[in-house]
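# Examining the three-dimensional arrangement
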Number of protein chains: 2
Amino acid sequence: MEQAFLNELRDNFGIEYHNVDLLTEAFTQSSYVNEHPNLKLQDYQRIEFLGDAVMELMVSEYLYKKYPNYPEGKLTRLRAAIVCEDSFSAFARECHFDRYIKLGKGEENNGARQRNSLLCDIFESFVGSLYLDQGVAAVHRFVAQVVFPKIDNGTFSYVMDHKTNLQEYLQRDGEVEITYHLISETGPANDTKFTVEVIAHDQVLGRGTGHTKKIAEQAAAEVALQKLQADD
Amino acid sequence: MEQAFLNELRDNFGIEYHNVDLLTEAFTQSSYVNEHPNLKLQDYQRIEFLGDAVMELMVSEYLYKKYPNYPEGKLTRLRAAIVCEDSFSAFARECHFDRYIKLGKGEENNGARQRNSLLCDIFESFVGSLYLDQGVAAVHRFVAQVVFPKIDNGTFSYVMDHKTNLQEYLQRDGEVEITYHLISETGPANDTKFTVEVIAHDQVLGRGTGHTKKIAEQAAAEVALQKLQADD
């Protein structure tokens, strides 16, 4: 494996492999194996099989603990938005994994290196190789750096629709008027931050911020719901 | 939770819960929650969400390590035969979990207690509760007692078709005659044990036993394949 990648892993994530062969296997696509039969390489698929299950557990446990009031259906919906090709390929790019995949020439020429399905596989196989090399705690540290902050900052909450949930919650015992007030707009035009308050029964129930009014409203509704449910 | 169940868990599996509430939640169906609103119970679904992911990883890691020569496709097929309703409901019955599920009267009268889908859920939620209460090592011990021996003894190998795999392997460089010889039949008529040898190039490649000739042949082919691939 290229020294540049080993340096990146060390500098960006504090990861140093005991067995670099595992990392190499995790980044080797079958097209590369086929072009280099004398190297007797393994492609990443077996390690990806394992990494997929490791990621599933990491994300499930985080969601289970972070959202004690979410019913199973919501947890499942949220998990599906995180454990998926779109998200994993984005994580892989963010970690520069696309630069270090070992591809055959044909696949390279076909643009495979930027294909989401491949990048998703590589993210999973990386996690599998880290799990094999260093165990669950090391994977947890990596995922806590790359994945969990995005859960915390609401990257995946678009599947949740907190506004609808808040409405349903407040209207259990009849109609309630719920309003969202924009209370500030800060920052430059291309990076504006909106802050919104949600109000019902003349009370401010929660406040949220975001790069669009819609995201800020969802964030405010989420805060309100969490407070209300904590008080239940 | 009934003392009888706590005793069973202790005597059969060496498990003693720190927080028995987790175990109770894992065995409580929504119909029971609805019938006892004043008890403020939670049903098992959130814990099952977690337990599902725990089982997926347990089984994936076991298969990955036990079958170093299996390509990803075979691992996936085998995992699907283990991580499924039929298997998990059978494990649940074997552990007597069916006796301790908390069901509402309507569900009880509908025969829910013996429904495979419920028993599968309960197996997963039990595993989730054990994971929360005692961590991954405790789950591993439980699964090593209840699940892994069945992988070892070939309960799920019906999805594998080792005979076809052996044939494909031996015929990479041209036609080869492969024969299976029944070498013994032992035990009473209702519990006969068959032993079969698989032969190619005048060499015995492997020997297998089973309760039918077909299972014994598959077992012999599996042994032969493992030996041949280990020599590669």
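Predicted model, so just to flag it, every value in this text is computed and none were measured.

This brings us to the overall build of chain A. A count of helical and extended segments in chain A gives eleven helices and three strands. From first element to last, N terminus to C terminus, chain A shows the α and β order α-α-α-α-α-α-α-α-α-α-β-β-β-α. When its C-alpha atoms are laid out on the principal axes, chain A stretches across 75 × 40 × 30 Å. Within the span of chain A, comprising 232 residues, buried residues form 50% of the whole. Of the contacts made within chain A by residues no fewer than 6 positions apart, 54% connect residues no fewer than 24 positions apart.

This part covers the sheet that holds strand E3 (residues 203-210) of chain A. Residues and elements named next belong to chain A. On the basis of which strands lie adjacent, the open sheet formed by three strands has the order E1-E2-E3 and antiparallel pairing. Two strands bound the open sheet, and with one partner strand each, they are strand E1 (178-186) and E3. Pairs of neighbouring strands in the sheet enclose a mean axial angle of 20°, with direction left out of account. As defined by bridge partners, strand E2 (residues 193-200) adjoins E3 across seven bridges and the pair is classed as antiparallel. Across the sheet, residue Val 196 finds its bridge partner in E3, namely Gly 208. Sheet strands in contact with helix H10 (residues 162-170) are E1, E2 and E3, and its direction is about 145° off that of E1. In this fold helix H11 (residues 213-231) packs onto E1, E2 and E3, with an angle of close to 135° to the strand it touches most, E3.

Turning our attention to the UniProt feature "domain: DRBM" (unreviewed entry) in chain A. Here, UniProt's "domain: DRBM" (unreviewed entry) annotation points to residues 161-230 of chain A. Secondary structure across residues 161-230 of chain A divides into 39% helix and 36% strand, with the first and last C-alpha atoms of the span separated by 19 Å.

All right, on to the pairing of E2 of chain A then. Residues and elements named next belong to chain A. In terms of burial, E2 is a largely internal element, seven of the eight residues being buried. Judged from the eight bridges that link them, E1 and E2 form a sheet pairing that is antiparallel. Within E2, the residue paired with Leu 182 across the bridge is Val 196. Two successive antiparallel strands, E1 and E2, enclose a turn made up of six residues, where Gly 187 displays a positive phi of approximately 90°.

Looking at chain A, pLDDT values average 93 and 100% of them are 70 or higher. Ranking the helices and strands of chain A by mean pLDDT puts helix H4 (residues 45-66) of chain A first, with 98, and H10 of chain A last, with 85.

Moving on, we come to the domain arrangement of chain A. Residue and element names in this part refer to chain A. Splitting chain A by domain gives domain 1 (3-157) and domain 2 (161-231). For domain 1 versus domain 2, the distance between C-alpha centres works out to 34 Å. On the domain 2 side, the residues contacting the five residues of domain 1 number seven residues. Buried area between domain 1 and domain 2, both sides added, is near 490 Å², and the carbon and sulfur share of it is 33%. Taken together, the links from domain 1 to domain 2 amount to zero salt bridges. Seen at the junction of domain 1 and domain 2, the total is one residue pair in polar contact (both at pLDDT 80 or more). Counted by class, the side of domain 1 that touches domain 2 contains two nonpolar, two polar and one charged residues.

So, about the side chain of Lys 102 of chain A. All names here are of chain A. Secondary-structure assignment places Lys 102 in the loop between helix H6 (85-94) and helix H7 (105-109). By relative accessible area, which is 17% here, Lys 102 ends up buried. Among residues more than four places away in sequence, those in contact with Lys 102 are Met 1, Glu 2, Thr 24, Phe 27, Thr 28, Gln 29 and Tyr 32.

So, on to the relation of the copies chain A and chain B. Aligned on chain B, chain A shows an RMSD of 0.1 Å; the corresponding rotation is 180° and the shift along the axis is 0.1 Å. Those values place the two copies in the arrangement expected of a two-fold rotation axis. Most of the interface of chain A is mirrored in chain B, where 100% of its interface residues are also at the interface.

A word on the interface of chain A and chain B. The partner chain B presents 28 residues to the 28 residues of chain A that form the contact. Regarding the contact of chain A and chain B, the summed buried area is about 2,400 Å², with carbon and sulfur atoms giving 65% of it. Of all residues in chain A, Arg 46, Phe 49 and Tyr 64 of chain A give up the largest surface area on contact with chain B, accounting jointly for 37% of the area buried on that side. In this structure, Asp 52 of chain A and Arg 79 of chain B form a salt bridge, with 3.7 Å as the shortest nitrogen-oxygen distance. One can count ten residue pairs in polar contact (both at pLDDT 80 or more) joining chain A with chain B. Contributions of two or more residues to the side of chain A that touches chain B are made by H4, helix H5 (72-82) and helix H8 (116-146) of chain A.

What follows deals with the packing of helix H4 (residues 45-66) of chain B against helix H9 (residues 136-146) of chain B. Two packed helices can be described by the angle between their axes and the distance between those axes. Residues and elements named next belong to chain B. For the pair H4 and H9, the least separation of the axes is 11 Å and the interaxial angle reads 65°. Crossing of H4 over H9 shows right-handed handedness. On the side of H4, the interface is formed by Val 54, Met 55 and Met 58, while H9 contributes Val 136, Val 139, His 140 and Val 143. The residue makeup of the contact of H4 with H9, split by class, is six nonpolar, one polar and no charged.

All names here are of chain B. Ordered by their spatial adjacency, three strands build an open sheet running E1-E2-E3, and the pairing between neighbours is antiparallel. Strand pairing shows two members of the sheet lacking a second neighbour, strand E1 (178-186) and strand E3 (203-210), which therefore form its edges. When strand polarity is set aside, the average angle formed by the axes of neighbouring strands in this sheet is 20°. Its contacts with the sheet put helix H12 (residues 213-231) on E1, strand E2 (193-200) and E3, and the angle it makes with E3 is roughly 135°.

Residues and elements named next belong to chain B. The residue His 201 is located in the loop between E2 and E3 in this model. When the C-alpha atoms of His 201 and Leu 78 are compared, they prove to be 30 Å apart, with 123 residues separating the residues in sequence. Contacts of His 201, omitting those with residues within four sequence positions, involve Val 176 and Glu 177.

Reading guide: rules and limits
Here the residue numbers are simple positions, counted from 1 along each chain's written sequence. Whichever chain is written first becomes A and whichever ligand is written first becomes 1, with later ones labelled in order. Whole-chain, interface and lining totals are the exception, using all residues; otherwise, since this is a predicted model, local features are given only for residues with pLDDT of at least 70 and side-chain atom pairs are given and counted only at 80 or more. To obtain the side-chain values, all non-hydrogen atoms of the structure were used and water was disregarded. Only DSSP runs of H or I with at least four residues qualify as helices, and only runs of E with at least two residues qualify as strands; both kinds are numbered from the N terminus onward. Relative accessibility thresholds used throughout: buried, under 20% of the residue-type maximum; exposed, over 50%; partly exposed, between the two (1.4 Å probe, protein chains only). Here a residue-residue contact requires only that any non-hydrogen atoms of the pair lie within 4.5 Å. For two strands to count as paired, DSSP must find a minimum of two bridges between them. Throughout, an axis means a line fitted to C-alpha atoms (over the contacting stretch in the case of helices), and angles, computed between N-to-C directions, take values from 0 to 180 degrees. UniProt positions are given in the numbering used here, feature names are shortened, and annotations may be inferred rather than shown by experiment. Across the chain, each position has a pLDDT score giving the predictor's confidence in that residue, from 0 to 100. For every domain, the bounds stem from an assignment made automatically or drawn from a database. Summed over both partners, buried area is the accessible surface (1.4 Å probe) that two parts give up on being assembled. Take a side-chain nitrogen of Lys or Arg and a carboxyl oxygen of Asp or Glu: if they are within 4 Å of each other, that pair is a salt bridge. Polar contacts, as used here, are pairs of N or O atoms within 3.5 Å; protein pairs need one atom able to donate a hydrogen and one able to accept it. Residues neighboring in sequence count only if both atoms are side-chain atoms. Throughout, the ten residues Ala, Val, Leu, Ile, Met, Phe, Trp, Tyr, Cys and Pro are labelled nonpolar, Asp, Glu, Lys and Arg are labelled charged, and all others, Gly among them, are labelled polar. Least squares is the method for superposing the copies, and the C-alpha atoms it fits come from residues with pLDDT of at least 70 in both. Take the far helix as the reference: if the near one is turned anticlockwise from it by less than a right angle, the crossing is left-handed, and if turned clockwise, right-handed.

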